[in-house]
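Residue-level structural notes
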Amino acid sequence: MGPGCAGVLGWLLLAQAALRAAGGRPCDAKDFGHGSLVCACSATYCDTLDPVVLPAPGTYVKYESSKAGKRLERSQGSFQHNAETPDFHLTLDTAQRYQKVKGFGGSVTDSAAINIQSLSKDAQNHLLRSYFSEEGIEYNLVRVPMASTDFSVRLYTYADAEGDFELKHFHLTEEDTRMKASPTGRARGCSLRGTGRDGTGRDGMRCTGLGWGRRAPSH
């Protein structure tokens, strides 16, 4: 994905993986001399996770990554009722409900598409499956920017003709048809929803599955 998404995607990777069962293929750990290990994913190998399996009531599954070298290391345990510990105490109120989570995802910017398409086809498949398939972190949301953003290599828009309220001169660009559409379309083989945004961060066109909707009336 694009460089601007790296921190968010890394956090979501850890949060989503914390719900998973043991198994899959282990991390191919590499040290590039920056004081921490990374999991290398290539055209021939990529670490995977098994699909989500909820733990039994009263138990938990934990995945931990650390600078020392742990990479989604799995452990499990049981909750203790009314236990007091000097360093950590967690209280769960199962009757209290807050907002619903629709899913997790990332953004397919121009820079993300350029980086993805610079890989070999097999490496692209591994990368997309790591994000969108059951053997990965199962992203189900994608944000696709409308026109150019600060992650584009040039400025472009879709409708520059003044007064063209019927959008007769509206047209997509090669960034849409050749770059952003490719990884997004391939990810549709998984459970995927998407939103489009313009460079201001406002919601624009929205898609669910294969269908595109109208721009939100408030805009």
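Described below are features of the structure shown in this document. (Residues numbered from 1 in each chain as written. Predicted model: local features only at pLDDT ≥ 70, side-chain atom pairs only at ≥ 80, totals over all residues. Heavy atoms only, no water.)

So, the overall build of the protein
The line we're drawing: A run of H or I in DSSP becomes a helix once it reaches four residues, and a run of E becomes a strand once it reaches two; helices and strands are each numbered from the N terminus. Whether two residues are in contact is decided by their heavy atoms: any pair within 4.5 Å suffices. We get accessible surface area from the Shrake-Rupley algorithm with a probe of 1.4 Å; when it comes to residues, only the shown protein chains can shield them.
Scanning the protein for helices and strands turns up four helices and nine strands. Order of helices (α) and strands (β) in the protein, N terminus to C terminus: α-β-β-β-β-β-α-α-β-α-β-β-β. Sequence-distant contacts, at least 24 apart, represent 58% of the contacts inside the protein between residues at least 6 apart. Carbon together with sulfur atoms contributes 56% to the accessible area of the protein, which is approximately 14600 Å² in total.

Quick notes on the nonpolar core
Short version of the rule: The criterion is simple. A nonpolar core is a set of buried Ala, Val, Leu, Ile, Met, Phe, Trp, Tyr and Cys residues joined through side-chain atoms within 4.5 Å. Buried, partly exposed and exposed residues are distinguished by accessible area as a fraction of the type maximum, computed with a 1.4 Å probe on protein chains only: under 20%, between the cut-offs, and over 50%, respectively.
With eleven residues, the main nonpolar core is built from Val-108, Ile-116, Leu-127, Leu-128, Tyr-131, Phe-132, Ile-137, Tyr-139, Val-142, Val-144 and Ala-187. Counting only elements with at least two residues in this core, the list comes to α3 (121–132) and β6 (141–145). Among the elements that take part in this core, α3 stands out by supplying four residues, more than any other.

Quick notes on unusual backbone geometry
Although it is not a glycine, Ala-147 adopts a positive phi angle of roughly 65 degrees. Phi is positive for Leu-167, which is not a glycine, with a value near 55 degrees. Mapping Leu-167 onto the fold places it in the loop between β6 and α4 (174–187).

Structural notes on the pattern of salt bridges
For clarity, the cut-off: Just to be clear on terms, a salt bridge is a Lys or Arg side-chain nitrogen sitting within 4 Å of an Asp or Glu carboxyl oxygen.
Under the counting rule described, the total for this entry stands at eight salt bridges. For Asp-28, the salt bridge goes to Lys-30, with nearest N and O atoms at 3.9 Å. Its relative accessible area of 28% is what places Asp-28 among the partly exposed residues. Linking Arg-129 and Glu-135 is a salt bridge whose minimum nitrogen-to-oxygen distance equals 3.2 Å. Given a relative accessible area of 40%, Arg-129 falls into the partly exposed group.

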